[in-house]
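# Tertiary structure, described
Given next are the chains, with one letter for each unit.
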Amino acid sequence: MRTTASYLRVIALVILAIVGTEYFTDLPEGEYAIIEKPFAALFVFMVFIIALGIEVTVAALNKVLYLSLSEEKKAAFDAKEAEKSTLFTRKFEAMMKAMTKSKEIEEEHEIELDHNYDGIRELDNKLPPWWVYSFYITIIFAVIYLVRFHILDDYTQAEEYIAEVEQAEIEIAKWKETAKDFVDAETVTMLEDEDRIENGERLFVANCVACHQADGGGGIGPNLTDEHWILGGGIKNVFSTISEGGRSGKGMVAWKNTFKPSEMHEIASYVMTFQGTTPADPKEPEGEIWTPEEE
Ligand code: HEC
């Protein structure tokens, strides 16, 4: 009866731990934290070990207390436990016993071996069936593995690795599309979102007008409204110039440590909106006329 309750408590705690980690990790549908995240598996395992430890300690204490009872009280206690036991608990305990084939302490003298080392005696216990069958399963696994990978050459570790890397690349590409801070000069495209372009304007006014003018007409820095570019036009080149800076000594610093990629994306998109506008005091064109075909 008691042991059934212990097992059920351990199982309940482990289920609670699994449900808890699944609830708090919030993975896409069809993925389970306990499989995907080693840490979740470790956590559940720790819960299991700690719960088991507590139950074993409590059971040992109870056993000691029980043994310290007088014969009368033991009998009374047994009677009470028997009263509480149900068909389910009896079946469950019989099953657990079958899994270990353990002998009751009272019957242990039957399997005691007749040697005695300084008072330490040995029991000829049966191997627990759960252990024996697990061992058989490993043998079957080994045979299947051997035939599949060493005789039929199903696939090699190298092929498995390549397939996983390919899959990861697909996932990275998918993720880059949605992660707005992951733009770089390769992937950047003109923003459509008005709010984000406006944010680019705010950042431009706060950081760039000293050299480029609010209308992009230029001063210390070149005119950004014409189709001449020193460092290349188009959203990709402009993004790259903002991120990496101009030629050394010219005054255009690299801004990648000041702005997040998403912000440089916004500024670059705003800079592109200057194209074809007429500034109040335009600086003469510098650099080559840039045509998109060169991109
Ligand atoms: C200290 C002055 C200064 C500031 C501030 C400055 N720039 Fe520049 N910028 C320059 C100079 C000078 C160049 C030319 C670089 C070269 O010739 O290599 C330039 C070049 C550029 C170019 C390339 C133009 C071309 O013709 O290829 C872009 C785009 C640009 N700046 C954008 C910006 C943005 C956006 C900011 C604000 C985040 C900014 N700049 C801040 C001085 C500045």
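Residues numbered from 1 in each chain as written. Predicted model: local features only at pLDDT ≥ 70, side-chain atom pairs only at ≥ 80, totals over all residues. Heavy atoms only, no water.

## Regarding the overall build of the chain
What the chain contains, in helices and strands, is 11 helices and 4 strands. Rg of the C-alpha trace for the chain: 37 Å, well past the compact-globule value of 19 Å for 295 residues, more than 25% over. Along the longest, intermediate and shortest principal axes, the C-alpha atoms of the chain span 110 × 55 × 40 Å. Sorting the 295 residues of the chain into buried and exposed places 23% on the buried side. Approximately 21,600 Å² of the chain is accessible, and the part contributed by carbon and sulfur atoms is 62%. (Helix = DSSP H or I, 4+ residues; strand = E, 2+ residues; numbered from the N terminus. Rg over C-alpha atoms; globule rule 2.2 N^0.38 Å. Buried < 20%, exposed > 50% of the residue type's maximum accessible area, 1.4 Å probe, protein only. Areas by Shrake-Rupley, 256 points an atom, 1.4 Å probe, with all protein chains shown as cover.)

## Regarding the domain arrangement of the chain
Domain parsing of the chain yields domain 1 (2-100) and domain 2 (194-294). The straight-line distance from the C-alpha centre of domain 1 to that of domain 2 is 67 Å. (Domains from an automatic or database assignment.)

## Some thoughts on the coordination of the iron atom of the ligand
For the iron atom of the ligand, the protein coordination sphere consists of H212 (NE2) and M252 (SD), at 2.0 to 2.2 Å. On the accessibility criterion, H212 (10% relative accessible area) is buried. (Donors = N, O, S within 2.8 Å, 3.2 Å for Na, K, Ca; no water.)

## Some remarks on the packing of aromatic side chains
On inspection of all chains with the given rule, the structure shows 14 aromatic pairs. Ring plane angle 20 degrees and centroid distance 5.6 Å describe the contact between W131 and F135, whose orientation is recorded as stacked. In this pair, W131 and F135 both sit in helix α6 (residues 129-151), 4 residues apart, roughly one turn of the helix. Classification of W131 by relative accessible area gives partly exposed; the value is 40%. For F135, a relative accessible area of 42% puts it in the partly exposed group. An aromatic cluster of three or more residues is present, and its members are F141, Y145, F149 and Y155. (Phe/Tyr/Trp six-rings, centres within 6.5 Å; stacked < 30°, edge-to-face > 60°.)

## Quick notes on a negative patch on the surface
On the surface, D193, E194, D195, E198 and E201 cluster together into a patch of negative charge. Relative to the elements of secondary structure, E198 occurs in helix α8 (residues 194-207). (Patch = residues over 30% accessible without salt bridge, like charges linked within 9 Å, V, L, I, M, F, W, Y side chains within 5 Å. Salt bridge = Lys/Arg side-chain N within 4 Å of Asp/Glu carboxyl O. Lys, Arg positive; Asp, Glu negative; His and termini not counted. Charge placed at Lys NZ, Arg CZ, Asp CG, Glu CD.)

## Section: the nonpolar core
Formed by 23 residues in total, the largest nonpolar core has its most connected members in F204, V238, I242, I267 and V271. Contributions of two or more residues to this core are made by α8, α10 (234-244) and α11 (261-272). Looking at which element gives the most residues to this core, the answer is α11, with 6 residues. Of all hydrophobic cores here, the second largest spans 6 residues; its members include V10, V14, A17 and V44. (Core = buried A, V, L, I, M, F, W, Y, C linked by side-chain atoms within 4.5 Å.)

## A short note on the pattern of salt bridges
This structure, assessed with the given rule, holds 7 salt bridges. Salt-bridge contacts for K74 lead to E71; the nearest nitrogen and oxygen are separated by 3.8 Å. Taken as a pair, K74 and E71 lie in helix α4 (residues 71-84) at a separation of 3 residues, close to a single helical turn. Salt-bridge contacts for E112 lead to R121; the nearest nitrogen and oxygen are separated by 3.4 Å. When its relative accessible area of 32% is taken as the criterion, E112 is described as partly exposed.

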